[in-house]
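Residue-level listing of the chains:
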Amino acid sequence: MKKVRNVTKGEKTRQRLLDVSAELFAEHSYHGTRVSDIVSAAGVTQPSFYSYFKTKDEIYQLLLDKFDEELEELVVSMLIDASLPKEDVQKNITASFRKYLDFFTHHHHLTKISMFQPPQSDATRNKLHKWIVRNMHLEQQRGFFSQEISVDVLAGCYLGILIQTLLEEPDVSELDDISHERGKFLYGGLTYKTAK
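Residues numbered from 1 in each chain as written. Predicted model: local features only at pLDDT ≥ 70, side-chain atom pairs only at ≥ 80, totals over all residues. Heavy atoms only, no water.

Chemist: Break down helix α2 (residues 35–42) for me, with residues and values.
Modeler: Looking at α2, one finds that the buried residues are V35, I38, V39 and A42. Down the axis of α2, the sector holding all buried residues measures 90°, keeping them to one side. Against α1 (9–28), α3 (46–52) and α4 (56–77) lie the buried residues of α2. Where α2 ends, the next residue or the one after it, G43, has phi of about 75°, a positive value. (Buried < 20%, exposed > 50% of the residue type's maximum accessible area, 1.4 Å probe, protein only. Helix = DSSP H or I, 4+ residues; strand = E, 2+ residues; numbered from the N terminus. Arc of directions from axis to C-beta. Contact = heavy atoms within 4.5 Å.)

Shown next as structure tokens:
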């Protein structure tokens, strides 16, 4: 049986500083948050902050890098497998959209910083668009999506719907219905009709 390692007090303090920073950056932006605000909210001293992070910029960049890394991993994990039956594509798209919503809901503060606060929002959206294009290019080659529309346009539409959904700040209880509705639209587009 694998022994579970105890988290040290220092690791807990470092994580608390990261969590508090994410919350404050989301609420007040990078420029509107001072190190003194972070240490006050975390209940530590300023020297304690500097024993873990050199600057406010370092902690901000660490948060963004971790978010980017996890987001790219999520996108990669959602590539439609070539063996998926065509009749299951809509169900797969719906499930993938729900995974995005779960991820962004779980990382609420980092989502606000990365996706909606300039100047970071442009960089994150561009990366996410690029990662979705990468998936859709392969999925298009596998015959899941129309060859008549460029993957750049397809990915842009997908990302636009995702961003609009996040802007609506849906309640967790609504995510299943929203994913089902958006999944139908993404699969069938403007001409989607319910099967009789």
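Don't stop here, the text continues.
Chemist: Can you lay out the packing of helix α5 (residues 89–106) against helix α6 (residues 108–116) for me, pointing to particular residues and giving the numbers?
Modeler: Packed helices, taken two at a time, are described by the angle their axes make and the gap between the axes. Running from N to C, α5 and α6 point in directions that differ by 100°, and their axes come no closer than 5 Å. Taken together, α5 and α6 sit at an angle that is classed as roughly perpendicular. The residues of α6 that touch α5, namely those facing F104, T105 and H106, are H108, T111 and M115. Grouping the amino acids of the contact of α5 with α6 by side-chain chemistry returns two nonpolar, four polar and no charged. (Axes fitted to C-alpha atoms, helices over the stretch in contact; angles between N-to-C directions. Parallel < 35°, antiparallel > 145°, perpendicular 65-115°, else oblique. Nonpolar A, V, L, I, M, F, W, Y, C, P; charged D, E, K, R; others polar.)

Chemist: Can you break down the nonpolar core residue by residue, with the values?
Modeler: Judged by nonpolar contacts, the single largest core of 53 residues is most densely connected at L71, Y100, F104 and L128. Those elements that place two or more of their residues in this core are α1, α2, α4, α5, α6, α7 (120–141), α8 (151–167) and α9 (175–188). Ranked by the residues each element gives to this core, the list is headed by α8, at nine residues. (Core = buried A, V, L, I, M, F, W, Y, C linked by side-chain atoms within 4.5 Å.)

Chemist: How would you explain the packing of α1 against α2 if you had to name every residue and give the values?
Modeler: Two numbers describe how α1 lies on α2: the axes approach to 9 Å, and their chain directions differ by 120°. In terms of axis orientation, α1 runs oblique to α2. Crossing of α1 over α2 shows right-handed handedness. Packed against α1, whose contacting residues are R16, L17, V20, S21, L24 and F25, the element α2 presents D37, I38, A41 and A42 at the interface. Of the residues that constitute the contact of α1 with α2, the class distribution is seven nonpolar, one polar and two charged. (Left-handed = near helix turned anticlockwise from the far one by under 90°.)

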